[in-house]
Amino acid sequence: MRSDLVKPRWLGTHLLALLAVAVCLGAGYWQFERAQEPSREVVDSPIERLSRARPLESVLQPGAYMSEDEGNQAVRVTGVYAPERQRLAPALSPEGEKGYYVVVPLVTGEDTAVAVSRGWIPESAADSADRPADVPEGEVSVTGWLQPPDKAEDGYIPVDTPEGHVARIAPSLLVNEWPYRLYEGYIILGEQRPADAAAGSGPGLRQIPPPEPPKGIVWNWRNVSYAAQWGVFGSAVVVFWLSLMRRELRESGSASGQGGQEGPEGENGRPEPGGGGAPSADAGGGDQESVART
């Protein structure tokens, strides 16, 4: 006899259950893969060589949004520095020492500029940072690494922001300091032609390249928990599916067992009409004996 579990009304249930399990497994695997990726709020692209620098205009347009994964690109741009608008942004050195990035606008058009981080100075040199190594006059060609705007948690947060300082290198803040239409990102100076003039006239600027992207597996435990939840959902689907099939088999077996107990008797246990058949031999013999005695 064909099993009830392969009847048409059950085929849709099987298909739906298999589809639900496949969705849960796929979503769980996707979350597990994402759990091994760096956070999307950090730059995770490798640092390009300066020899592969491209024109800034071909990578980013003024005012256009810049995502984190566009960081560390090598770019080159030509313009004129505006040294009177130089600002300091608090930052930590790779060794964890407090200091400042020296940021200056590089004017690339009539009303357009890009922020250039010329280098880093220690906190003790901030008082004389009004005149660090002088920038060259006239047109300069800058090659460096494009970076997205710094976030509030980058570097360290000073108690206050004195005049001539900004809290971080971000166009949303610099637009209040400079009368230019700014690029969304900024450039970490790598090479410059011509070089700074009178390099020894102020505090030394330490060039700090962009940070390397995270190496190895950086676990995102939130995504790990999502993957575990999808695994639980898939297991629940399987358990519910099996319970439905067991109940169906139990009910069908019970129904077939009751049907097998029916005999030739009727519903009230009485013999069916005509079920006695022909008279017995004993009955016939009794009649003959009575005739003989008579």
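Because the structure is a prediction, the values reported are computed rather than measured.

A.B. asks: Would you explain the overall build of the protein chain in this entry?
C.D. replies: Of the regular secondary structure elements, the protein chain holds five helices and seven strands. Written out in order from the N terminus, the α and β elements of the protein chain read α-β-α-β-β-β-β-β-α-β-α-α. Looking at the protein chain alone, contacts between residues at least 24 apart form 74% of all its contacts between residues at least 6 apart. Counting every atom, the protein chain has about 18,300 Å² of accessible surface; 54% of that belongs to carbon and sulfur.

A.B. asks: Before we go on, may I ask you to explain helix H1 (residues 8-35) in this structure?
C.D. replies: Owing to its 3.6 residues per turn, the α-helix brings residues three or four apart onto one side. Taking 1.5 Å of rise per residue, 28 residues should cover 40 Å, and H1 covers 41 Å from first to last C-alpha, within 8% of that figure. Looking at H1, one finds that the buried residues are Trp10, His14, Ala17, Val21, Cys24, Ala27, Gly28, Gln31 and Ala35.

A.B. asks: Looking at this model, I keep getting lost on the pairing of strand E5 (residues 112-122). Mind explaining?
C.D. replies: Burial analysis of E5 places ten of its eleven residues in the buried class, the great majority of the element. Where strand E4 (residues 98-107) and E5 come together, nine bridges link them in antiparallel fashion. Looking across to E5, one finds that Val107 is bridged to Ala113. In textbook terms, the turn of a hairpin is the stretch between consecutive antiparallel strands, and for E4 and E5 this stretch comprises four residues. Summarising the sheet, E5 and strand E7 (residues 181-193) pair through five bridges and their orientation is parallel. Each residue of the ladder has a partner; that of Val116, found in E7, is Ile187.

A.B. asks: Would you take a moment to explain the pattern of salt bridges for this structure?
C.D. replies: Under the defined criterion, the tally for this structure stands at four salt bridges. Of the charged contacts in the structure, one is a salt bridge between Arg54 and Glu48, with a shortest N-O distance of 3.7 Å. By relative accessible area, which is 34% here, Arg54 ends up partly exposed. In this structure, the salt-bridge partner of Arg87 is Glu177, at a minimum N-O distance of 3.0 Å. One end of the pair, Arg87, is in strand E3 (residues 87-92); the other, Glu177, is in the loop between helix H3 (171-174) and E7, and 90 residues separate them in sequence. Look at Glu177 and you get partly exposed, because its relative accessible area is 29%.

A.B. asks: How should I be thinking about the nonpolar core in this particular structure?
C.D. replies: Burial of nonpolar side chains together is a common tendency in soluble globular proteins. Counting 22 residues, the largest nonpolar core has Tyr101, Val103, Ile169, Leu174, Trp178 and Tyr180 as its most contacted members. Those residues in contact with Tyr180 that sit more than four places away from it in its chain are Ala82, Arg85, Pro105, Val107, Asp111, Thr112, Ala113 and Val175. Val75, Val114, Tyr183 and Leu189 belong to the second largest nonpolar core, which has 18 residues in total.

A.B. asks: What's the story with the environment of Leu88 in this structure? I'm lost.
C.D. replies: With respect to the helices and strands, Leu88 occurs in strand E3. Taking C-alpha positions, Leu88 is 6.0 Å from Val103, a pair spaced 15 residues apart along the chain.

Here is what the cut-offs are and how they apply
- Residues numbered from 1 in each chain as written.
- Predicted model: local features only at pLDDT ≥ 70, side-chain atom pairs only at ≥ 80, totals over all residues.
- Heavy atoms only, no water.
- Helix = DSSP H or I, 4+ residues; strand = E, 2+ residues; numbered from the N terminus.
- Contact = heavy atoms within 4.5 Å.
- Areas by Shrake-Rupley, 256 points an atom, 1.4 Å probe, with all protein chains shown as cover.
- Expected span 1.5 Å × (residues − 1).
- Buried < 20%, exposed > 50% of the residue type's maximum accessible area, 1.4 Å probe, protein only.
- Pairing = 2+ DSSP bridges.
- Salt bridge = Lys/Arg side-chain N within 4 Å of Asp/Glu carboxyl O.
- Core = buried A, V, L, I, M, F, W, Y, C linked by side-chain atoms within 4.5 Å.

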